[in-house]
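Structural overview
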Amino acid sequence: MKQTRPYPAVQITEKGEKSLRGGHPWVYEGEVTGMEGTPQDGELVDVVSRKGRYLGTGFYNHHSKIRIRVISNNTNDTFDEAFFRRRLRHAWDYRKTVMGEDRDCCRIIFGEADHFPGLTVDRFGDILVAQTLSLGIEKRKEMLFPALYEMLREDGETIRGIYERNDVAIRELEGMTQGKGFFPLPGVPLPESTVTEIRENGIRYSVDFENGQKTGFFLDQKYNRLAAARLAPGRRVLDCFTHTGSFGLNAAKAGAAHVCSVDISAEAVEMARSNASLNGLTDRMSFRKADVFDLLPQLAQEPGEKFDYIILDPPAFTKSRKTVHSAARGYKEINLRAMKLLPRGGYLATCSCSHFMTEKLFCEMLRSAAFDANVSLRQIEARQQAPDHPILWNVPETNYLKFYLFQVV
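What comes next concerns the included structure. (Residues numbered from 1 in each chain as written. Predicted model: local features only at pLDDT ≥ 70, side-chain atom pairs only at ≥ 80, totals over all residues. Heavy atoms only, no water.)

**Some points on the sheet that holds strand β14 (residues 236–240)**
Short version of the rule: Paired strands, in this sense, are two strands between which DSSP finds at least two bridges. Helix numbering and strand numbering both begin at the N terminus, where a helix is a DSSP run of H or I of at least 4 residues and a strand a DSSP run of E of at least 2. Note on geometry: axes are lines fitted to C-alpha atoms, helical ones only across the stretch in contact, with angles between N-to-C directions running from 0 to 180 degrees. In what follows, residue pairs with any heavy atoms lying within 4.5 Å of each other are defined as contacts.
Strand order in the open sheet formed by seven strands is β16-β15-β14-β17-β18-β20-β19, and the pairing between neighbours is mixed. Each having just a single partner strand, β16 (285–289) and β19 (377–383) make up the two edges of the open sheet. Each adjacent strand pair in this sheet contributes to an overall mean axis angle of 15 degrees, direction not counted. The pairing of strand β18 (residues 347–352) with strand β20 (residues 402–408) spans six bridges and is classified as antiparallel. The partner of T350 across the bridge, within β20, is Y404. Here helix α8 (residues 266–278) sits on the sheet in contact with β15 (258–263) and β16, set at roughly 170 degrees to β16. Against the sheet, helix α11 (residues 359–373) engages β18, β19 and β20, with an angle of about 20 degrees to β20.

**Quick notes on the packing of aromatic side chains**
Applicable threshold: Only the six-membered ring of Trp is used, alongside the rings of Phe and Tyr, when aromatic pairs are assigned; centres must lie within 6.5 Å, and planes under 30 degrees apart are stacked while those over 60 apart are edge-to-face, with the rest tilted. For every residue, the accessible area obtained with a 1.4 Å probe (protein chains only) is divided by the maximum for its type, and the residue is called buried under 20%, exposed over 50%, and partly exposed between those limits.
A complete count under the given rule lists 18 aromatic pairs for this structure. Relative to F182, the ring of Y163 has its centre 4.9 Å away and its plane inclined at 85 degrees; by these criteria the two rings are edge-to-face. Taken as a pair, Y163 in strand β10 (residues 161–166) and F182 in strand β11 (residues 179–183) lie far apart in primary sequence, 19 residues in all. One exposure class covers both Y163 and F182, and it is buried.

**Some points on the sheet that holds β11**
Strand pairing in a sheet relies on backbone hydrogen bonds, with the paired strands running either antiparallel or parallel. Strand order across the open sheet formed by five strands is β7-β8-β9-β10-β11, with mixed pairing between neighbours. Each edge of the open sheet is held by one strand with a lone partner, namely β7 (105–110) and β11. The mean angle between the axes of side-by-side strands here comes to 20 degrees, regardless of whether they run parallel or antiparallel. Sheet topology note: the strand β8 (residues 119–124)/strand β9 (residues 127–132) ladder contains six bridges and is antiparallel. Paired with T120 across the two strands is Q131, which belongs to β9. Packed on one face of the sheet, helix α2 (residues 81–99) meets β7 and β8 and runs near 145 degrees to β7.

**Thoughts on the side chain of R171**
To keep things clear, this is the line we draw: N or O atoms within 3.5 Å of each other form a polar contact, as long as, within protein, one can give a hydrogen and the other can take it, and as long as residues adjacent in sequence are counted only when both atoms are side-chain atoms.
Summarising the element assignment, R171 is placed in helix α5 (residues 170–173). The buried category is assigned to R171, whose relative accessible area is 3%. Separated by 2.8 Å, the side chain of R171 and the backbone oxygen of T132 make a polar contact. Apart from the residues lying within four places of it in its own chain, the contact partners of R171 are T132, L133, E138, N166, M176, T177 and Q178.

What follows is the structure, given as structure tokens:
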């Protein structure tokens with residue numbers, strides 16, 4: 001391999017070449033067959049075929065099973081600050097187009113889908129919350145974060161600060177340490193609080209972006225909450241795995257007769273209760289700390305409260321292929337119990353946020369649950385994540401959220 005470019009060259013297998021040429025940006029450790037030069041972790045390398053053909057340029061990290069994260073396949077690209085500023089502008093212009101006025105609370109950077117591998121940036125009003133899971137981005141955040149801040153400010157957006165949520169174990173697999181805290185922006189005072197208030201679908205939420213799950217609030221279900229709420233008027237709703245109370249709050253605001261929001265976490269229940277109070281919805285909502293797996297069969301035996309609409313928004317039951325079949329059993333159990341609990345003609349909203357629980361597996365699980373429950377499912381809608389979490393068809397990992405609305409008949 002003749003070195004004609006400023007970066008070390010990494011040769012890969014035919015399988016790796018086929019994947020890259022198909023548009024997937026990852027090169028795995030087992031696909032590397034040779035090197036020319038000395039790659040440095042977090043720095044750029046060229047990826048070449050067995051015959052020396054250029055395939056792309058990306059971040060190298062020998063700590064990671066994803067050995068290279070390709071960011072460009074254009075030999076004319078120069079990876080200076082202007083290059084990354086253009087990428088930031090493309091991501092923001094896309095959000096302005098697809099989210100419109102809803103861009104006040106949205107995901108601005110969605111990792112590989114925006115060609116920023118391992119980087120997530122969520123906007124909660126005037127606060128940005130970032131999570132960095134690749135060393136290549138980590139080494140460039142001193143340039144990227146101020147550039148993002150400046151771009152938004154120049155666009156007329158009010159931003160008070162950037163908070164880093166890097167308290168995740170996966171960083172250690174990339175050779176990075178965990179931590180969280182405000183990123184120091186030059187000349188910008190650090191915000192005094194790590195709690196902020198946002199408004200989504202007309203509903204107010206208090207968001208604890210220091211301690212809340214992931215970046216503090218799940219933005220990907222924004223429009224699914226509205227779709228679910230359209231079925232709620234006049235119904236008695238059981239909102240399972242409520243977290244911040246978002247699905248239940250949307251249902252209550254839409255005119256549900258009553259909403260019971262359930263979560264196993266006492267902190268989540270209190271957060272949901274507080275958000276209900278913030279929106280003046282406590283008169284039509286109740287809250288219950290319980291394990292949904294135990295609660296659903298228990299409710300079937302109780303003579304008291306009955307529900308004609310159940311919403312299932314569980315956390316990801318699997319984060320790897322190894323546990324997907326075990327996760328499928330968990331998904332089936334809660335969906336089967338919900339179908340049995342609902343009266344004929346009742347409604348079910350159900351979803352999975354795990355990429356490994358594919359749409360095919362999820363639908364097979366639902367068919368099996370309906371068969372065992374001796375019911376039929378009348379599909380109302382099939383939905384995915386909000387468009388600020390764009391799906392790249394050549395990167396299956398970006399397609400993760402399955403959301404269905406059914407009538408149980």
